[in-house]
Amino acid sequence: MSNATTPLSDIYSLTQDQTRLFRETLDRTAVKVAADELSFGVEFPQVTGPDGEWVRLPASLSAGYDGDAWSHGNWFCGFWVGLLLTSHLHTGDAKFLEWARARMLLVEQRADDPNTHDIGFIFDSSAVPGHHITGDARFADIALKAADKLRARLVTTRDGAYLASWGPLADPRGRSASAIDTMANLSLLYWAANHADDGSYRQAADAHAAMTARAFVRPDDSTYHAVEYDLETGARKRGYTFQGAFDESAWSRGQAWAIYGYANSARETGKLAYIELAERLAEYYLRRLDGRQIPPWDFDATGSDADIKDTAAAAIVASALLELARIHPSADAAAKWSRHGVAMLEALCRDEFTKDGEHGLLHNSCYSKPHNIGVDGATMFGDFFFVEALCRVVHPGKLRPLDAPRIPLA
Ligand code: GLY
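Just so you know, these numbers come straight off a predicted model, no measurement behind them. (Residues numbered from 1 in each chain as written. Predicted model: local features only at pLDDT ≥ 70, side-chain atom pairs only at ≥ 80, totals over all residues. Heavy atoms only, no water.)

## Notes on the pattern of salt bridges
Turning to step 1, where the next piece is worked out: Under the definition given, this model contains 33 salt bridges.
Turning to step 2, where the next piece is worked out: In this structure, Lys 95 and Asp 93 form a salt bridge, with 2.7 Å as the shortest nitrogen-oxygen distance.
Turning to step 3, where the next piece is worked out: Using a relative accessible area of 33% as the deciding quantity, one classes Lys 95 as partly exposed.
Turning to step 4, where the next piece is worked out: Accessibility expressed as a relative area gives 28% for Asp 93, which makes it partly exposed.
Turning to step 5, where the next piece is worked out: Among the charged side chains, a network of salt bridges with common partners joins Asp 124, Arg 267, Glu 268, Glu 323, Arg 326, Glu 388, Arg 392 and Arg 400. (Salt bridge = Lys/Arg side-chain N within 4 Å of Asp/Glu carboxyl O. Buried < 20%, exposed > 50% of the residue type's maximum accessible area, 1.4 Å probe, protein only.)

Given below as structure tokens:
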């Protein structure tokens, strides 16, 4: 049965209890965001440490190599702007928008950062929704500048093109490497294609999605965190990990970024193959969840490490499945993905939402277990994608547009 004419309220089909829970969670979010905003000065929150306090970084911290050591820089700063914007959206309180505008000016300097794919995370969570909510062209100008830098990361090989994830492109280490996380950063390119009516952004994103599907997805539909490509042929030289348990393991957040990226890619390219891939990746994720709603940080972690959860992965998957449900051409499939997305969101609200007075929104995110950073605390990206998912059901169309697939899925 077709989903094309089903009202969104029927696709998500929330009970009264769920509607109340999701609205109240956004109420509590706005109170927490207002309390924290006043304590940050010009810095931005990253993760909560073992003492429960936010670790804070300046927005200016750029990505780069220090000798052989790679630093991701502050790729979290846009998410805070996003939480200020969603708090404005939910409460209508103008002070959140004023704060978001002021912070956007601090974040804007990163739109020139040529060293990282994370420019997508930074600006798709801040300037893009800022423009959608306010219509203010200044937000769009910033986002477009960032999209140019992301598109410039395209590396062309004999067998396709991909966006290099980390490092200056002149450095072979950066040029040959790509990460599954980049799939979620394609949103900025798709936005730019639509906003500027310039298909080259979409072509870059689509090329990356096609090459990632070939190189990152294993036969069982799990994904590599990172791939090193042969720069000439485009062949995968190796699949490996930075944040997963080991190179061949299934890092749950990587799987989440992939589901999220292929659902968006399906909507923006009209390719049914991307919907089908998003579903296969989601089926793998559900199989490994085995009835739980929150995954371990890595599905192949063993011993006591297997008890460490990643609520950020759950939030990203919830948001992705709600979008997959909205755009899916089949009503039955839409109902299935909606049911899973809503259940994940409900579990996050009921079991993982931090107490009032504590910092952050979600307990039990895991930024990087191998580096022992942000384990068992809140992370900015977990909190942002959680609120994005809540907005999809409570404020549909207000944070992100409710675009139908750009061309009919085929
Ligand atoms: N760089 C994105 C992540 O840590 O998942």
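## Side note on the site of the ligand
Turning to step 1, where the next piece is worked out: Every residue lining the ligand is accounted for by Trp 75, Asp 181, Gln 243, Trp 251, Arg 253, Trp 257 and Tyr 367.
Turning to step 2, where the next piece is worked out: Between a nitrogen atom of the ligand and a side-chain N or O atom of Asp 181, the distance comes to 2.8 Å.
Turning to step 3, where the next piece is worked out: Residue Trp 257 places a side-chain N or O atom 2.8 Å away from an oxygen atom belonging to the ligand.
Turning to step 4, where the next piece is worked out: Contact with the protein chains removes 98% of the 200 Å² of surface that the ligand exposes when unbound.
Turning to step 5, where the next piece is worked out: Across the shell around the ligand, the residue classes break down as four nonpolar, one polar and two charged. (Near = heavy atom within 4 Å. Polar contact = N/O pair within 3.5 Å; in protein donor to acceptor, adjacent residues only side chain to side chain. Areas by Shrake-Rupley, 256 points an atom, 1.4 Å probe, with all protein chains shown as cover. Nonpolar A, V, L, I, M, F, W, Y, C, P; charged D, E, K, R; others polar.)

## A few points about helix α2 (residues 16–37)
Turning to step 1, where the next piece is worked out: In this model α2 runs 32 Å from its N-terminal to its C-terminal C-alpha over 22 residues, within 8% of the 32 Å that 1.5 Å per residue would give.
Turning to step 2, where the next piece is worked out: Taken together, the buried positions of α2 are Gln 18, Leu 21, Phe 22, Thr 25, Leu 26, Thr 29, Ala 30, Lys 32, Val 33, Ala 34, Asp 36 and Glu 37.
Turning to step 3, where the next piece is worked out: On its buried face, α2 sits against β2 (54–58), α3 (77–91), α4 (94–108), α14 (331–352) and α15 (380–394). (Helix = DSSP H or I, 4+ residues; strand = E, 2+ residues; numbered from the N terminus. Expected span 1.5 Å × (residues − 1). Contact = heavy atoms within 4.5 Å.)

## With respect to the packing of helix α11 (residues 252–269) against helix α13 (residues 311–327)
Turning to step 1, where the next piece is worked out: At a minimum axis separation of 9 Å, α11 and α13 run at an interaxial angle of 20°. When the interaxial angle is binned, α11 and α13 end up roughly parallel. In this structure, the crossing between α11 and α13 has a hand that is left-handed. Contacts between α11 and α13 involve Ser 252, Arg 253, Ala 256, Trp 257, Ile 259, Tyr 260, Ala 263, Asn 264, Ala 266 and Arg 267 from the former and Ala 312, Ala 313, Ile 316, Val 317, Ser 319, Ala 320, Leu 321, Glu 323, Leu 324, Arg 326 and Ile 327 from the latter. (Axes fitted to C-alpha atoms, helices over the stretch in contact; angles between N-to-C directions. Parallel < 35°, antiparallel > 145°, perpendicular 65-115°, else oblique. Left-handed = near helix turned anticlockwise from the far one by under 90°.)

None of the figures reported here should be taken as evidence of function without further support.
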